[in-house]
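Chain and residue survey
Each chain, written out:
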Amino acid sequence: MRLSKFFMPILREAPREAEIVSHQLMLRCGMIRQETSGIYSWLPLGYRVLTRIMDIIRKEQARAGSLEMLMPTIQPAELWKCSGRYDDYGKEMLRITDRRENEMLYGPTNEEMITDIVRSSVQSYRDLPLNLFHIQWKFRDEIRPRFGVMRGREFLMKDGYSFDLTAEDGRHAYNKMFVAYLRTFAAMGLKAIPMRAETGPIGGNMSHEFLILAETGESQVFFDSAFHEKDWSTFSIDYDDRDAVAKVVEEFTSMYAATEEMHDPKRFATEVPEERRVTGRGIEVGHIFFFGTKYSEPMGCTVLGPDGKEITLQSGSYGIGVSRLVAAIIEASHDDAGIVWPQPVAPFDLGLVNLRQGDAATDAASEKLYEELVKAGLDVLYDDRNDRAGEKFARMDLIGLPWQVVVGPRGIKAGTVEIKNRATGERQDVPLERVVEHMRDACMEVPA
């Protein structure tokens, strides 16, 4: 993509209402635009990050046996009245009446709707287990939307739902999603620590939330530093092997990790050696629940078992805050110059900078490199604008692409270009003929 053809409205300064780094940088980079309180348009640069995150989620959900679908954003109120949550949910739910006086709502989540779909479509135990997910916009009328997309009213979420015949099968479905989330966040270049959590309005008796560490996190967290010592990007798993899946879950849940609400100071002091006790702040990016028959029982979601008797299904739900993840990653990965994207979720793999637009040799080398890099399968943002070098460097640092390939007259005379690693600041001169191979290798060095 040529920058001269790309829509990326850069701001020199962040608006005053932007309180945290992610909100400031997302506005400055032209990733989002606020339309009204807590509601944002996602501009091309921001939407590319959303797409990268969704691709990673979809890949791991498929590995874990979850099937993608899509449910509507507007739901009939009668489903929520059937489950008992319509009145309980409170003012965060946006209630709507259509022209026929039917009571509707803008869905904050989809437990009721998916349970209704399954109860009308699945009659036999032979159709189970079943795990379905979608990635869809939600709306919760936050009393005080703030921090940009971190706590907006409209947000993009991956929510999945499992249905099983027995509690044991349901627990295995929960464990699979626990492991899938570990792998999903690792594939994004993140370590999201799983912590025992309260179930809140979703309900149920078993729940874990996944948090990534950031100074501006809304939750204080306490955990064993052993989490940092694990290489989560390399472990593979056979999701059908119940013992192997359960072993991974047990390995992670055996280490102490808790938010302030669930923290037990005595247990923390007893179980974790002093030198391994870590206190920090975290941002929730995922939450999983197993709630058994909480929704299936009142909504009559049953199947006929092997003996011909009705069995009420066991279910769970599994969410990832897709739009919130973008902000959370920025909070965890930035410096004074701007964003520092992990390679797997970056909007482009690299930025190609032509330092002397209009210089024949530099233009020719830049154009040739651009064509070859794209042909090699890399996503390239080519800065072909006629701006000063300082502006180009500042812009590239601000948007935070993992690599910068800098083409200038001095390097061209020497037969080299400069390659900069955005995260480390390391620079090296690479021969022109080796740049494509070098960048292909560098950009592919991401978790499988």
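Structure first, text after, so check above.
What you are looking at is a predicted structure, and each value in this text was computed from that prediction instead of being measured. (Residues numbered from 1 in each chain as written. Predicted model: local features only at pLDDT ≥ 70, side-chain atom pairs only at ≥ 80, totals over all residues. Heavy atoms only, no water.)

1. So, a negative patch on the surface
Here is the rule: Exposure above 30% relative accessible area and the lack of any salt bridge qualify a residue for a patch; like charges then connect within 9 Å, and the nonpolar side chains Val, Leu, Ile, Met, Phe, Trp and Tyr within 5 Å. Accessible surface area values rest on a Shrake-Rupley calculation with a 1.4 Å probe, where residue burial reflects the displayed protein chains alone. Salt bridges are defined by distance alone: a side-chain nitrogen of Lys or Arg within 4 Å of a carboxyl oxygen of Asp or Glu. Lys and Arg are tallied as positive, Asp and Glu as negative. Neither His nor the chain termini are counted. Note on charges: their place is set at NZ of Lys, CZ of Arg, CG of Asp or CD of Glu. For the purposes of this entry, the term helix denotes a DSSP run of H or I that reaches at least four residues, the term strand denotes a run of E that reaches at least two, and both are numbered from the N terminus.
Taken together, the side chains of D238, D240, D241 and D243 define an acidic patch exposed on the protein surface. Relative to the helices and strands, D241 is located in the loop between α6 (226–229) and α7 (242–253).

2. Focus on the side chain of S225
Short version of the rule: It only takes one pair of heavy atoms within 4.5 Å for two residues to be counted as in contact.
Inspection of the secondary structure assignment puts S225 in the loop between β11 (219–224) and α6. Those residues within four positions of S225 in sequence are excluded, and the remaining contacts are R276 and V278.

3. Notes on the sheet that holds strand β5 (residues 94–97)
Convention followed: Any two strands are treated as partners once DSSP identifies two or more bridges connecting them. For helices, the axis comes from a line fit to the C-alpha atoms of the stretch in contact; other axes are also lines fit to C-alpha atoms, and the angle between any two N-to-C directions lies between 0 and 180 degrees.
With respect to topology, three strands assemble into an open sheet ordered β4-β6-β5, the strand pairing being antiparallel. Because the sheet does not close on itself, it has two edges, and the strands there are β4 (74–76) and β5. The average angle at which neighbouring strand axes cross in this sheet is 35 degrees, direction not considered.

4. Observations concerning the side chain of S162
Defined as follows: Buried residues are those whose accessible area, probed at 1.4 Å on protein chains only, stays under 20% of the maximum for their type, while exposed residues exceed 50% and partly exposed ones sit between those limits.
Note on placement: S162 falls in strand β8 (residues 154–164). Taking relative accessible area as the criterion, S162 reaches 1% and is therefore assigned buried. Once residues within four sequence positions are removed from consideration, S162 is found in contact with L130, N131, A173, Q314, S315, G316 and Y318.

5. Focus: the pairing of strand β23 (residues 427–431)
Bridge analysis of strand β22 (residues 416–421) against β23 gives five bridges, and the strand direction is antiparallel. Paired with I419 across the bridge in β23 is Q428. Here β22 hands over to β23 after five residues, with G425 in that stretch at a positive phi of 80 degrees.

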